[in-house]
Amino acid sequence: MNGELKELKLTINGKPYELKVKPQALLVDVLRKNLRLTGTKQGCLTSSCGACTIVIDGKAVKSCSILALQANGHEVTTIEGLADGDKLHPIQEAFIEHGAVECGFCTPGRVMSAKALLDENPNPTREEIREAMQSNLCADEGYVKYIEAVEIVVKKTQGGS
Ligand code: FES
């Protein structure tokens, strides 16, 4: 009825996974429903809001915009992969300390966009931060705080105060 299940092999947060998925399954659904990685949020499902943003091979990707099978063989990082045990990732810490969390729904997607940006460009300008995060929509008007939180991470990692 839904087509034959296909094998999917990928690495998520450093851990290898092998599972069978429907060919038409979206990556966001496989992460949330099959693998219970519910930190990745599901909002619009039309590739507009950015709530489902994850990192694939170092690039921020909206996981509702691709099929799970398109991630076959790739390295996926979700919000669950950022903290080191009880120690939050510096981006997560900065978001909390700077009050850039708001209702929290769009936060994981924003954090993942910030991670992809800072991994590629550890010293971005405000404009580059704004650009990297512009596809993460927020109903709570927290845009400036998000940008400032990323700037705090940049300052800390670049040896500033
Ligand atoms: Fe993927 Fe909105 S749920 S962009």
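Up top you'll find the structure we're talking about.
Just so you know, the residues in each chain are numbered from 1, in the order the chain's sequence is written. Per-residue local features are limited, in this predicted model, to residues with pLDDT of at least 70; the limit for side-chain atom pairs, both in listing and counting, is 80 or more; totals at the level of whole chains, interfaces and linings are taken over all residues. Think of the side-chain values as coming from all heavy atoms in the structure, minus any hydrogens and water.

A. How the structure looks around the nonpolar core. Only buried residues count toward a nonpolar core, which is a set of Ala, Val, Leu, Ile, Met, Phe, Trp, Tyr and Cys residues joined through side-chain atoms within 4.5 Å. To sort residues, take the accessible area from a 1.4 Å probe on protein chains only and compare it with the maximum for the residue type: under 20% means buried, over 50% means exposed, and anything in between is partly exposed. Of all hydrophobic cores here, the largest spans 23 residues; its most connected members are Ile-91, Phe-95, Met-133, Tyr-146 and Val-150. Going through the elements one at a time, α2 (90-97), α3 (107-120), α4 (126-133) and α5 (143-157) are the ones with two or more residues in this core. Discounting residues that sit within four places of it in the chain, Tyr-146 has contacts with Phe-95, Ala-100, Val-101, Glu-102, Cys-106, Thr-107, Arg-110, Met-133 and Cys-138. Residues Leu-31, Leu-37, Ile-66 and Ala-68 belong to the second largest nonpolar core, which totals 19 residues. Strands here mean DSSP runs of E at least two residues long; helices mean DSSP runs of H or I at least four residues long; both are numbered from the N terminus. In what follows, a contact means two residues having at least one pair of non-hydrogen atoms within 4.5 Å.

B. Representation of the environment of His-98 within the structure. With respect to the helices and strands, the residue His-98 is situated in the loop between α2 and α3. The partly exposed category is assigned to His-98, whose relative accessible area is 22%. In this structure the C-alpha to C-alpha distance between His-98 and Tyr-143, which are 45 residues apart in sequence, comes to 12 Å. Ignoring sequence-local partners within four residues, the contact set of His-98 consists of Lys-145, Glu-148, Ala-149 and Ile-152.

C. Summary view of the packing of α2 against α5. Only C-alpha atoms enter the line fits that serve as axes; for helices the fit covers just the stretch in contact. Angles between N-to-C directions range over 0 to 180 degrees. As a packed pair, α2 and α5 sit with axes 9 Å apart at the nearest point and diverge in direction by 130°. Comparing their axes, α5 and α2 come out oblique. The interaxial crossing formed by α2 with α5 has right-handed handedness. Counting all contacts with α2, which are made through Pro-90, Ile-91, Ala-94, Phe-95 and Glu-97, the residues of α5 involved are Tyr-146, Ala-149, Val-150, Ile-152, Val-153 and Lys-156. Following the grouping adopted for this structure description, the nonpolar residues are Ala, Val, Leu, Ile, Met, Phe, Trp, Tyr, Cys and Pro, the charged ones are Asp, Glu, Lys and Arg, and the polar ones are all others, Gly among them. Among the residues forming the contact of α2 with α5, the class breakdown is 9 nonpolar, no polar and 2 charged. Orientation is classified from the angle alone, with under 35 degrees giving roughly parallel, over 145 giving roughly antiparallel, 65 to 115 giving roughly perpendicular, and any other angle giving oblique. Here is the rule for handedness: rotate from the far helix to the near one, and if that takes an anticlockwise turn smaller than a right angle the crossing is left-handed, while a clockwise turn gives right-handed.

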